[in-house]
Amino acid sequence: MEALSNKRKVMEAKPLTFLERIYLPAIFQGLAITMRHFFRKPVTIQYPEQTREYSENFRGLHSLKRDENGKERCTACGLCALSCPAEAITMTAAERQKGEEHLYREEKYAAVYEINMLRCIFCGLCEEACPKEAIYLDGPHVTSDYLRKDFIYGKDKLVEAPLNQ
Amino acid sequence: MELADIIIKFVLVVIIFAISLLIALYSTYAERKVAAFFQDRLGPNRAGPWGILQPFADGGKMFLKEEIIPASASKFLFIAGPSLSIFTACIGSAVIPWGQKLVIAGHTIDLQVTDINVGILYILGVVSLGVYGVMIGGWASNNKYSLLGAIRAASQNISYEISMGLAIIALLLVTGTLSLRQIAEQQHGFWAHGWFTWNFFKQPLGFLLFIVCAFAETNRTPFDLPECETELIGGYHTEYSSMKLGFYLFSEYINMFVSGAVMATLYFGGYNFPFMDMIHSPNLVAILGVVALFAKVFFFIFFFMWVRWTIPRFRYDQLMDLGWKALIPLAIANIVITGIVITFLNR
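Residues numbered from 1 in each chain as written. Chains lettered and ligands numbered in written order. Predicted model: local features only at pLDDT ≥ 70, side-chain atom pairs only at ≥ 80, totals over all residues. Heavy atoms only, no water.

Per an unreviewed UniProt entry, chain B is named NADH-quinone oxidoreductase subunit H, and its organism is Mucilaginibacter gotjawali. Here is the UniProt Catalytic activity (unreviewed entry) comment for chain B, exactly as written: "a quinone + NADH + 5 H(+)(in) = a quinol + NAD(+) + 4 H(+)(out)". Its UniProt record gives chain B a comment under Subunit (unreviewed entry), which states: "NDH-1 is composed of 14 different subunits. Subunits NuoA, H, J, K, L, M, N constitute the membrane sector of the complex." (UniProt positions renumbered as here; feature names shortened; annotations may be inferred.)

As annotated in an unreviewed UniProt entry, chain A carries the name NADH-quinone oxidoreductase subunit I and comes from Mucilaginibacter gotjawali. What the UniProt record of chain A gives under Sequence similarities (unreviewed entry) is the line "Belongs to the complex I 23 kDa subunit family." Per UniProt, chain A carries the Subunit (unreviewed entry) text "NDH-1 is composed of 14 different subunits. Subunits NuoA, H, J, K, L, M, N constitute the membrane sector of the complex."

Some points on the overall build of chain A
Along its length, chain A carries five helices and five strands. When the helices and strands of chain A are read in sequence order from the N terminus, they spell out α-α-β-α-β-β-α-β-β-α. Taking 165 residues into account, the globule formula puts the C-alpha radius of gyration at 15 Å, and chain A, at 28 Å, lies well above it. Viewed in the frame of its principal axes, chain A has a C-alpha envelope of about 90 × 50 × 30 Å. In chain A, which comprises 165 residues, the share counted as buried stands at 28%. Sequence separation of 24 or more characterises 70% of the internal contacts of chain A that already satisfy a separation of 6 or more. Taken as a whole, chain A presents about 12600 Å² of accessible surface, with 54% of it coming from carbon and sulfur. Across chain A, the centroid of the 24 positively charged side chains sits 9 Å from that of the 24 negatively charged ones. (Helix = DSSP H or I, 4+ residues; strand = E, 2+ residues; numbered from the N terminus. Rg over C-alpha atoms; globule rule 2.2 N^0.38 Å. Buried < 20%, exposed > 50% of the residue type's maximum accessible area, 1.4 Å probe, protein only. Contact = heavy atoms within 4.5 Å. Areas by Shrake-Rupley, 256 points an atom, 1.4 Å probe, with all protein chains shown as cover. Lys, Arg positive; Asp, Glu negative; His and termini not counted. Charge placed at Lys NZ, Arg CZ, Asp CG, Glu CD.)

Things to note about the UniProt feature "binding site: [4Fe-4S] cluster 1" (unreviewed entry) in chain A
Residue and element names in this part refer to chain A. Mapped onto the present numbering, the UniProt feature "binding site: [4Fe-4S] cluster 1" (unreviewed entry) falls on Cys74, Cys77, Cys80 and Cys130. The greatest C-alpha distance among the residues just named is 10.4 Å, despite their covering 57 residues of sequence, which places them together in space. Looking only at the residues we just named, the second largest cavity is lined by Cys74, Cys77, Cys80 and Cys130. Assignment of secondary structure puts cysteine 80 in helix 3 (residues 79-83). In this structure cysteine 80 comes out as buried when scored by relative accessible area, which is 8%. Within the secondary structure, cysteine 130 is located in the loop between helix 4 (125-129) and strand 4 (135-136). (1 Å grid on protein atoms, 1.4 Å probe; cavity = no way out; pocket = protein on both sides within 12 Å on 5 of 7 lines; lining within 4 Å.)

Quick look at empty space enclosed by the protein
Residue and element names in this part refer to chain B. Overall, the coordinates contain three cavities of 30 Å³ or more when judged by the stated rule. Lining the largest cavity are 26 residues, with Val127, Gly130, Glu217, Thr218 and Asn255 positioned closest to its centre. Elements with a minimum of two residues in the lining of the largest cavity: helix 3 (75-91), helix 4 (119-140), helix 5 (144-175), helix 7 (204-217) and helix 9 (242-267). Among the elements that line the lining of the largest cavity, the one with the most residues is helix 9, at seven residues. (Points joined across faces, edges and corners; volume = space filled by probe spheres on them.)

Things to note about the interface of chain B and chain A
Often, the extent of an interface is quoted as the loss of accessible area on bringing the components together. On the side of chain A, 16 residues touch chain B, which itself brings 18 residues to the contact. Together, the buried faces of chain B and chain A total about 1600 Å²; carbon and sulfur atoms form 69% of this surface. In this structure, the connection of chain B to chain A is made through one salt bridge. Residues glutamate 49 of chain A and arginine 46 of chain B are paired through a salt bridge, measuring 3.2 Å at the closest nitrogen-oxygen approach. Linking chain B with chain A are nine residue pairs in polar contact (both at pLDDT 80 or more), by the criterion used here. Put simply, the parts of the chain that give the side of chain B that touches chain A at least two residues each are helix 1 (3-38) and helix 10 (282-308) of chain B. Its residues placed into classes, the side of chain B that touches chain A shows 13 nonpolar, two polar and three charged. (Buried area = accessible area lost by both parts, 1.4 Å probe. Salt bridge = Lys/Arg side-chain N within 4 Å of Asp/Glu carboxyl O. Polar contact = N/O pair within 3.5 Å; in protein donor to acceptor, adjacent residues only side chain to side chain. Nonpolar A, V, L, I, M, F, W, Y, C, P; charged D, E, K, R; others polar.)

Some thoughts on the pairing of strand 3 (residues 108-116) of chain A
Residues and elements named next belong to chain A. Where strand 2 (residues 89-95) lies against strand 3, seven bridges are found, and the strand directions are antiparallel. Considered in strand 3, the bridge of alanine 93 is made with alanine 110. Here strand 3 runs beside strand 5 (residues 152-153); their pairing, made up of two bridges, is antiparallel. If you follow asparagine 116 over to strand 5, its bridge partner there is isoleucine 152. (Pairing = 2+ DSSP bridges.)

Brief notes about the UniProt feature "transmembrane region" (unreviewed entry) in chain B
All names here are of chain B. Per the UniProt annotation, the sites labelled "transmembrane region" (unreviewed entry) are residues 6-26, 76-99, 119-141, 162-184, 196-216, 253-273, 285-307 and 327-345. Across residues 119-141, the secondary structure splits into 96% helix and 0% strand, with the terminal C-alpha atoms separated by 34 Å. For residues 327-345, the end-to-end C-alpha separation is 26 Å, with 100% helix and 0% strand making up the annotated structure.

Pasting the structure below:
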């Protein structure tokens, strides 16, 4: 068979030399290596007290953004749900009533907006699909929980805190 | 024997027993901590400062776990196994001289439970008994993995006991006595008559053989085939749970402690330390001697752990090859060489 690359290296099984057969030099070498590690600084990050720094483009928990006046940007167009490869997003649209102009930026808004965090793969396609810059994956990790139903995050967990608070 | 002597002996027995258990308890913690440091981790550090309460948490867990005796197991033997295992582990420390004689208020306190003149034979006997705990436990579980583990333990112990005995015979040629107290006394100080007094410097090969066999006898890596997790689930203690499992694990650590003490006494001067003759208070020398002995023992326990986290396990045929084809011939050669050297030196 022809080699795919010229990187092939022929290995031959050499019989062990006497020093190799008595194991001891190799054992002392190994002991020296482990001893070096004994005095090395541990790499452990003690999680609840210390946290690792997230990278700049880390994609975590979603947040539904508000605009500069504190109105919700989402218009429930459904592009995020459409783009979602994991089908994690569902929403119900509603029409803005009189007197709600300070809450929602446009005439239509999401009355219910739910993301199933067990389905979500944090790919960021919803972020890319959104024409209103309403959804960003800029939060922390999704925390663990006991029940599956508790992983379906509604607007109470997703929408940004109001500006005046 | 006076009443006071009996009380002193009793107190000594209780103290040694308590110390063995405490050291075994903290060896489990040390093992986890040492393993962590060797792997660039931190190890248990949540229970108490630096995790020093961890062994108590582990022990409490062991006591509270459900006790399961398999339906097809032989109940009496199933309980006898771990009991025998921990019993033989504990009685080994009876002949070890922990220090020189203390003199307090006119009473001479011998820091040794009993100075029998066949101390080494006693140790060998106890070590051989130790395998019965493992054998009985593995047999009584009525589980093929337990049985395989037990068979491995038995054949391994028998193979390595021979070279251990032969290594000790070479040592006996040097010391001329079986009493551990006298062996320790012969290694007084560190340097005398132009050579080191410690037996390690007279029997380096013998010590190497002895320590390899000690690893095998205590079922520690690289010879931990009886409990080889990758092949035999848990080996001989596969079916064990709660404190009976705890006893098996505990006896392993007590065995480590006792074999460390035996190695320190036989080869590394026991309670002797360099420049001990420069201190003139005999009681101070005795106490420092105890400290020196424990320092040596702790080093050996650390060494056991150090090796465990360095070397992978032997394959079973390699284990047998090493025992029968390498260690026993070496041990016999060691006896011959020692005999020749002693004959020449005595002329």
